[in-house]
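Observations on chain architecture
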Amino acid sequence: MNPYILAILLFGLGLGTTITFASSHWLLAWMGLEMNTLAIIPLMAQHHHPRAVEATTKYFLTQATAAAMLLFASVTNAWLSGQWDIQQMTHPLPITIITLALALKIGLAPVHAWLPEVLQGLDLTVGLILSTWQKLAPFALILQINPTNSTILIILGLTSTLIGGWGGLNQTQLRKILAYSSIAHLGWMILVLQFSPSLTLLTLLTYFVMTFSTFLVFKLNKATTINTLATSWTKAPLLTSLTPLILLSLGGLPPLTGFMPKWLILQELAKQDLALTATVAALSALLSLYFYVRLSYAMTLTMSPNNLSGTTPWRLSSTQLTLPLAISTTMAICLLPLTPAATALLAP
């Protein structure tokens, strides 16, 4: 892709998100979301592969549906209350419709079905943007409207953690596994949103760090399936030995970074007398943990080719920058001791 066009598209992505962040009017927020969607579509379809074009079309249709729902709900809110301010949502009907529209935008279950399919059709770089940056603007809106209907948030959260765990169990494609991992993490964030918005933000940031690190590892190894991971130890042995720690951090095992948000969320849910919800969420984390352990096993404990379809690729040195990978990997593994500082910052 022409570097000038790429720069314009990335600028459009940044500008769309910034407009949504800065807006207090629903029309401006909607415009930012639309800019975001339209800026990433050429990036998704740049390889002209039928799979990429299919993924782009699916993404465009779901995002357009969510944007139309959002616009409809904000017009309804203006009709019922006479104002367009994001933080002055009072009527339950537009709040519920907007919550569902934003859930569709970020891929929360039960409106998640597009996310694994779309991510599977993209290359790892655009997949990384879709899994991280594209979640920011809708999340900013969810945090601003602060939905009052607690039942719908808990249903969305629990469904997402369960489906995110179950969906990834039988997958062999890494991008689909990462998509289900994304759904499960978003479920954890939505569960605690109404009780502690700052904790939701902390969870989102730790999820970004861990996902960034995982995508960069897969990109360095040019891996898209579990079988190709088995050849990574010949290319980057040290990184291969560290990757299970990143994956287990995504799964939420102590003493890794990923344990911190899960621990604080379970603690917050228990404080709010939602012991059953906390138990179901903790058990659903075990489902996710299984496929992270499966990936770790494929990377470090199997010799390639481990089956008939496994082939050894050329061991060409990668041109990828390793500094972002080094920083994000260190953060994904070592930040648990900062939990007291995080809790002090979260305290109202």
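Residues numbered from 1 in each chain as written. Predicted model: local features only at pLDDT ≥ 70, side-chain atom pairs only at ≥ 80, totals over all residues. Heavy atoms only, no water.

1. What to know about the pattern of salt bridges
- Scanning all chains against the criterion turns up five salt bridges.
- A salt bridge links Glu 117 to Arg 51, with the nearest nitrogen and oxygen atoms 3.7 Å apart. Here the residue Glu 117 occupies a position in helix H5 (residues 114-120), and Arg 51 occupies one in helix H3 (residues 50-81), the gap between them amounting to 66 residues.
- With relative accessibility at 24%, the residue Arg 51 sits in the partly exposed group. (Salt bridge = Lys/Arg side-chain N within 4 Å of Asp/Glu carboxyl O. Helix = DSSP H or I, 4+ residues; strand = E, 2+ residues; numbered from the N terminus. Buried < 20%, exposed > 50% of the residue type's maximum accessible area, 1.4 Å probe, protein only.)

2. Considerations on helix H7 (residues 133-145)
- For H7, the tally of buried residues reaches eleven of 13 residues, placing the bulk of the element in the interior.
- Here H7 has its buried residues at Gln 134, Lys 135, Leu 136, Ala 137, Pro 138, Phe 139, Ala 140, Leu 141, Ile 142, Gln 144 and Ile 145.
- Within two residues after H7, Asn 146 carries a phi angle of roughly 45 degrees, on the positive side.

3. Digging into empty space enclosed by the protein
- Applying the stated criterion across every chain yields a total of three cavities of 30 Å³ or more.
- Around the largest cavity, the lining residues are Leu 33, Asn 36, Thr 37, Tyr 59, Gln 63, Lys 105, Trp 114, Leu 130, Gln 134, Lys 135, Ala 137 and Pro 138.
- Secondary structure elements with two or more residues in the lining of the largest cavity: helix H2 (26-44), H3 and H7.
- Sort the elements by how many residues they give to the lining of the largest cavity and H7 lands first, with four residues. (1 Å grid on protein atoms, 1.4 Å probe; cavity = no way out; pocket = protein on both sides within 12 Å on 5 of 7 lines; lining within 4 Å. Points joined across faces, edges and corners; volume = space filled by probe spheres on them.)

4. Re the domain arrangement of the protein
- One can read the domain layout of the protein as domain 1 (1-146) and domain 2 (149-306 + 321-347).
- A separation of 23 Å is found between the C-alpha centroids of domain 1 and domain 2.
- Between domain 1 and domain 2, the buried area comes to about 2800 Å², and carbon and sulfur atoms account for 80% of it.
- Per-residue buried area on domain 1 facing domain 2 is highest for Gln 120, Leu 124 and Phe 139; these three make up 24% of the total on that side.
- Viewed at the interface, domain 2 and domain 1 are joined by one salt bridge.
- Where Lys 176 meets Glu 117, a salt bridge forms, and the shortest distance between an N and an O atom there is 3.4 Å.
- Scanning the region where domain 1 abuts domain 2 turns up six residue pairs in polar contact (both at pLDDT 80 or more).
- The residue makeup of the side of domain 1 that touches domain 2, split by class, is 16 nonpolar, ten polar and three charged. (Domains from an automatic or database assignment. Buried area = accessible area lost by both parts, 1.4 Å probe. Polar contact = N/O pair within 3.5 Å; in protein donor to acceptor, adjacent residues only side chain to side chain. Nonpolar A, V, L, I, M, F, W, Y, C, P; charged D, E, K, R; others polar.)

5. What about the UniProt feature "domain: NADH:quinone oxidoreductase/Mrp antiporter transmembrane" (unreviewed entry) in the protein?
- The UniProt record annotates "domain: NADH:quinone oxidoreductase/Mrp antiporter transmembrane" (unreviewed entry) at residues 23-287.
- For residues 23-287, helix accounts for 77% and strand for 0%, while the C-alpha atoms at its two ends are 38 Å apart. (UniProt positions renumbered as here; feature names shortened; annotations may be inferred.)

6. What to know about the UniProt feature "transmembrane region" (unreviewed entry) in the protein
- Listed under "transmembrane region" (unreviewed entry) in the UniProt record, and renumbered for this structure, are residues 60-80, 92-115, 151-170, 177-195, 201-221, 233-254, 274-293 and 325-347.
- The distance from the first to the last C-alpha atom of residues 177-195 is 29 Å, and the span holds 84% helix and 0% strand.

7. Focus: the side chain of Lys 135
- Topologically, Lys 135 is positioned in helix H7.
- Despite its burial, Lys 135 remains without a salt bridge, the nearest opposite charge being carried by Glu 117 at 15 Å. (Lys, Arg positive; Asp, Glu negative; His and termini not counted.)

8. Observations regarding the side chain of Ser 131
- Position of Ser 131 relative to the elements: it lies in helix H6 (residues 124-131).
- Assessed through its relative accessible area of 3%, Ser 131 is described here as buried.
- If we skip the residues at most four places from it in the chain, Ser 131 touches Leu 119, Tyr 207, Phe 208, Thr 211 and Phe 215. (Contact = heavy atoms within 4.5 Å.)

9. Focus: a nonpolar patch on the surface
- Taken together, the side chains of Met 1, Ile 5, Leu 6 and Leu 10 define a hydrophobic patch exposed on the protein surface, amounting to about 340 Å² of accessible area.
- By the secondary structure assignment, Met 1 is in the segment before helix H1 (3-22). (Patch = residues over 30% accessible without salt bridge, like charges linked within 9 Å, V, L, I, M, F, W, Y side chains within 5 Å. Areas by Shrake-Rupley, 256 points an atom, 1.4 Å probe, with all protein chains shown as cover.)

10. A closer look at H6
- Here H6 lies mainly inside the structure; seven of its eight residues are buried.
- Within H6, burial applies to Leu 124, Val 126, Gly 127, Leu 128, Ile 129, Leu 130 and Ser 131.

11. A closer look at the layout of surface pockets
- Space inside the largest pocket adds up to approximately 260 Å³.
- Taken together, 13 residues make up the lining of the largest pocket; nearest its centre are Ser 196, Leu 199, Glu 268, Lys 271 and Leu 346.
- Of all elements in the fold, only helix H10 (197-220), helix H14 (259-271) and helix H17 (339-346) reach the threshold of two or more residues within the lining of the largest pocket.
- Its residues assigned to classes, the lining of the largest pocket comprises seven nonpolar, four polar and two charged.

12. Remarks on the environment of Gly 82
- Residue position: Gly 82 is located in the loop between H3 and helix H4 (92-106).
- On the basis of relative accessible area, Gly 82 is assigned to the exposed category, the value being 63%.
- When the C-alpha atoms of Gly 82 and Ala 285 are compared, they prove to be 43 Å apart, with 203 residues separating the residues in sequence.

13. Re the nonpolar core
- Ranked by internal contacts, the top residues of the largest apolar core, which has 54 residues, are Ile 40, Tyr 59, Val 118, Leu 130, Phe 218 and Leu 295.
- If you tally residues by element for this core, the top one is H10, at seven residues.
- In this structure, this core is formed jointly by two domains, domain 1 (1-146) and domain 2 (149-306 + 321-347), each of which donates at least three residues.
- Among residues more than four places away in sequence, those in contact with Tyr 59 are Thr 37, Ile 40, Ile 41, Met 44, Trp 114, Val 118, Leu 130 and Gln 134.
- Residues Trp 26, Ala 101, Leu 102 and Phe 208 belong to the second largest nonpolar core, which totals 31 residues. (Core = buried A, V, L, I, M, F, W, Y, C linked by side-chain atoms within 4.5 Å.)

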